Amino acid sequence: SRLIAKILKMKSKFLMAFVLLLVTASSFAQTAAEIKWLSITEAEKLMKKNPRKVVVDIYTDWCGWCKRLDATTYKDPAVVEYINKNYYAVKFNAESKDPISFQGTSYTYDPSRRINSLSNLLMGNSTGYPTTTFLNEKLEVISVVPGYQQPQMMNNILHYFGEDQYLTKDWNTYLSSLQNGNQ
């Protein structure tokens, strides 16, 4: 009977260790999911084979809100999953000194303004960082969304453009439909 008790105790410890390992692996898998960021050139190439909308995160290295967006919103599991499934995600440093080719045009760094000229196309009238720009399947700007967005708001914005709601509803009508539970 002592032997059986010892065996049961060992099985119990093994089972607890196994469950702990599963829980740890599961939580690691959830936090390990990341947005598959591309360059604008890579997204343009992928569009030729498989068109989809593009979300462009326009940032600078010195921007605190850009870092917060990366650390919170772009780590949120719902945001990560929706972007990876429905968009090509582009990370674009507005101050990039590298020449960038996009849609047959070469964009270069403008030292007097300290930005890459592609920023003019992607940001429209927005002047702050971060700025999120949405492009349609033809790489045309749908909308420019300035500023930091909380995960839930970003998720709403992603669905609004990703599901083509913007074609039939203005933003406020769409938000009201979410708050009333009918989409």
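In the block above lies the structure referred to throughout.
The paragraphs below set out a description of the structure included in this document. (Residues numbered from 1 in each chain as written. Predicted model: local features only at pLDDT ≥ 70, side-chain atom pairs only at ≥ 80, totals over all residues. Heavy atoms only, no water.)

1. Considering the overall build of the protein
Of the regular secondary structure elements, the protein holds seven helices and nine strands. When burial is assessed residue by residue, the protein has 36% of its 183 residues classed as buried. Long-range pairs, those at least 24 residues apart, make up 61% of the contacts in the protein between residues at least 6 apart in sequence. When the accessible surface of the protein is summed, it comes to about 11,300 Å², and 57% of that surface belongs to carbon and sulfur atoms. (Helix = DSSP H or I, 4+ residues; strand = E, 2+ residues; numbered from the N terminus. Buried < 20%, exposed > 50% of the residue type's maximum accessible area, 1.4 Å probe, protein only. Contact = heavy atoms within 4.5 Å. Areas by Shrake-Rupley, 256 points an atom, 1.4 Å probe, with all protein chains shown as cover.)

2. Thoughts on the nonpolar core
Within the largest apolar cluster, 24 residues are counted, with the highest numbers of intra-cluster contacts made by Val56 and Phe92. Contributing elements (two or more residues each) for this core: helix H2 (40-49), strand S2 (53-59), strand S3 (87-93), strand S4 (100-102) and helix H5 (118-123). No other element matches S2, which puts four residues into this core. Discounting chain neighbours no more than four positions away, the residues touching Phe92 are Val56, Asp57, Ile58, Tyr59, Ile100, Asn116, Leu118, Ser119 and Leu122. Val55, Ile83, Tyr87 and Val145 belong to the second largest nonpolar core, which has 19 residues in total. (Core = buried A, V, L, I, M, F, W, Y, C linked by side-chain atoms within 4.5 Å.)

3. Points about the pairing of strand S9 (residues 141-146)
On a regular strand, each side chain points to the face opposite its neighbour's, so the side chains alternate between the two faces of the sheet. Note that strand S8 (residues 131-135) and S9 share five bridges and pair antiparallel. Of the residues in S9, the one forming a bridge with Thr132 is Val145. Two successive antiparallel strands, S8 and S9, enclose a turn made up of five residues, where Leu139 displays a positive phi of approximately 65°. (Pairing = 2+ DSSP bridges.)

4. Here we look at the side chain of Asn93
Its location among the elements puts Asn93 in strand S3. Exposure remark for Asn93: the relative accessible area of 16% places this residue in the buried category. Excluding residues within four positions of it along the chain, Asn93 makes contact with Tyr59, Thr60 and Asp61.

5. Looking at the packing of aromatic side chains
What describes a pair of aromatic rings is the distance from one ring centre to the other and the angle between the planes of the rings. Under the counting rule described, the total for this entry stands at 12 aromatic pairs. Seen from their ring centres, Trp62 and Tyr129 are 5.9 Å apart, and the 90° between their planes marks the pair as edge-to-face. Placement of Trp62 in the loop between S2 and helix H3 (64-71) and of Tyr129 in the loop between H5 and S8 is noted, with a sequence separation of 67 residues between them. Considering the side-chain rings of Trp65 and Tyr148, the 5.3 Å spacing of their centres and the 45° angle between planes classify their relative orientation as tilted. (Phe/Tyr/Trp six-rings, centres within 6.5 Å; stacked < 30°, edge-to-face > 60°.)

6. Overview of the state of the cysteines
Here the structure, examined in full by the defined rule, presents one disulfide. Sulfur-sulfur distance for the disulfide between Cys63 and Cys66 comes to 2.3 Å. Between Cys63 and Cys66 the disulfide shows an S-S torsion of about 85°. By sign, it is right-handed. Its relative accessible area of 4% is what places Cys66 among the buried residues. (Disulfide = S-S within 2.5 Å.)

7. A short note on helix H4 (residues 77-86)
All of the buried residues in H4 are Val79, Val80, Tyr82 and Ile83. Of the residues flanking the start of H4, the one acting as N-cap is Asp76, its side-chain oxygen 3.2 Å from the backbone nitrogen of Ala78. (Polar contact = N/O pair within 3.5 Å; in protein donor to acceptor, adjacent residues only side chain to side chain.)

8. Side note on the environment of Gln150
You can see Gln150 is positioned in the loop between S9 and helix H6 (151-162). Here the alpha-carbon distance between Gln150 and Tyr74, two residues 76 residues apart in the chain, equals 9.5 Å. In this structure, Gln150 is in contact with Arg68 and Thr73, ignoring residues within four places of it in sequence.

9. Here's the deal with the side chain of Asn116
On the secondary structure map, Asn116 appears in strand S7 (residues 115-116). Of note is the side chain of Asn116, whose polar atom sits 3.0 Å from the backbone oxygen of Asp98.

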